[in-house]
Amino acid sequence: VALAMKRLCSASLDLSGKNTKGEEPVLISEHTKLIVLGSNPGKLPTDEATGDLIDTERATKDFFLAESLFSSSLRSYLIPKSQDVEYLNSFLTRWYGVKSLWGDMRRRNPNVYSKMLKRRLKNLSKRRQDIAAVLYGCSPPLTSQDDWKGVVPSKTLFVAGSLDEKYTSIGRKWESIRGISKFVQVPNAGHALTAEEPTTI
């Protein structure tokens, strides 16, 4: 993180890595207090009824996802390992197959996709119940908006992959309504920014 901050604050680099020596930093300055990588920096002022409906839908999805992970972890003790691995591979393929979020990474960037799935498979094999517990208790609608009270839009850098439709949409909304300091889209990347574009990030 420290190295990434140093690079971002450097006047000699912009997002494409081109030398811009002598110019002011392109992305952030000493006033930037928060860098958001493809995530949601709290609620926007919206129609409360609409916001409540979206929150309820998200919390319900996360609950059922947690239930699925938790029950599969218990089932893993009763079935052959090969069957459990098959289930997890199917789960991950569906999860990372959401084109509007991941930008069809399987086809577009097969090596990164394959490595990422292997890491996730290893994590899920060992830590399903932990991940389920996080989803049960830490789904965004369940967390306090107080967590985001310190977010000052004018001091926030919002970064999202250009193929990540969900978070580029959120970034644009924050840019237009709340006036974030800068909204940057990383070209040809989806939601897996640090996996797809580690050098850029």
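Residues numbered from 1 in each chain as written. Predicted model: local features only at pLDDT ≥ 70, side-chain atom pairs only at ≥ 80, totals over all residues. Heavy atoms only, no water.

Asks: Is there a simple way to explain a nonpolar patch on the surface in this structure?
Replies: Nonpolar side chains collect at one region of the surface, where F70, L74, Y77 and L78 lie side by side and expose about 480 Å² of accessible area between them. Residue placement: Y77 occurs in the loop between α2 (48-75) and α3 (81-95). (Patch = residues over 30% accessible without salt bridge, like charges linked within 9 Å, V, L, I, M, F, W, Y side chains within 5 Å. Areas by Shrake-Rupley, 256 points an atom, 1.4 Å probe, with all protein chains shown as cover. Salt bridge = Lys/Arg side-chain N within 4 Å of Asp/Glu carboxyl O. Helix = DSSP H or I, 4+ residues; strand = E, 2+ residues; numbered from the N terminus.)

Asks: Just to check I follow, could you spell out the sheet that holds strand β2 (residues 156-161) for this structure?
Replies: In space, the 3 strands of this open sheet follow the order β1-β2-β3, with parallel pairing throughout. Only two strands of the sheet have a single partner each, and these edge strands are β1 (34-37) and β3 (182-186). Adjacent strand axes in the sheet meet at a mean angle of 20°, parallel and antiparallel pairs treated alike. Bridge count for β1 against β2 is 4 bridges, and the pairing is parallel. Residue L34 lies in a different strand from β2, and its bridge partner there is T156. Sitting on the sheet, helix α7 (residues 165-178) touches β2 and β3, and the angle it makes with β3 is about 160°. (Pairing = 2+ DSSP bridges. Axes fitted to C-alpha atoms, helices over the stretch in contact; angles between N-to-C directions. Contact = heavy atoms within 4.5 Å.)

Asks: Help me understand α3, please; the structure alone is not making it clear to me.
Replies: Working note: α-helix, 3.6 residues per turn, so residues spaced by three or four point in the same direction. End to end, α3 covers 21 Å across 15 residues, agreeing with the expected 21 Å (1.5 Å per residue, within 8%). The complete set of buried residues in α3 reads D84, Y87, L88, F91 and L92. The arc that holds every buried residue of α3, seen down its axis, measures 130°, which confines them to one face. Residues of α3 that are exposed and angled more than 90 degrees away from the buried face: S82, E86 and R94. (Expected span 1.5 Å × (residues − 1). Buried < 20%, exposed > 50% of the residue type's maximum accessible area, 1.4 Å probe, protein only. Arc of directions from axis to C-beta.)

Asks: I tried to follow the side chain of T168 on my own but got confused; where do I start?
Replies: For T168, the location among the structural elements is in helix α7. Taking relative accessible area as the criterion, T168 reaches 2% and is therefore assigned buried. In terms of polar contacts, T168 uses its side chain to reach the backbone carbonyl oxygen of D164, at 2.8 Å. Among all residues touching T168, those that are not within four sequence positions of it are A160, G161, S162, F183 and Q185. (Polar contact = N/O pair within 3.5 Å; in protein donor to acceptor, adjacent residues only side chain to side chain.)

Asks: How should I be thinking about the nonpolar core in this particular structure?
Replies: Side chains of a nonpolar character, in soluble globular proteins, are inclined to be buried together. Counting residues in hydrophobic clusters, the biggest one holds 30 residues, and the most contacted among them are F91, L92, Y96, W102, M105, M116 and F158. Residue contributions to this core peak at 8 residues, all from helix α6 (residues 110-138). If you look at the next biggest cluster of nonpolar residues, it comprises 7 residues, including V159, V186, A189 and L193. (Core = buried A, V, L, I, M, F, W, Y, C linked by side-chain atoms within 4.5 Å.)

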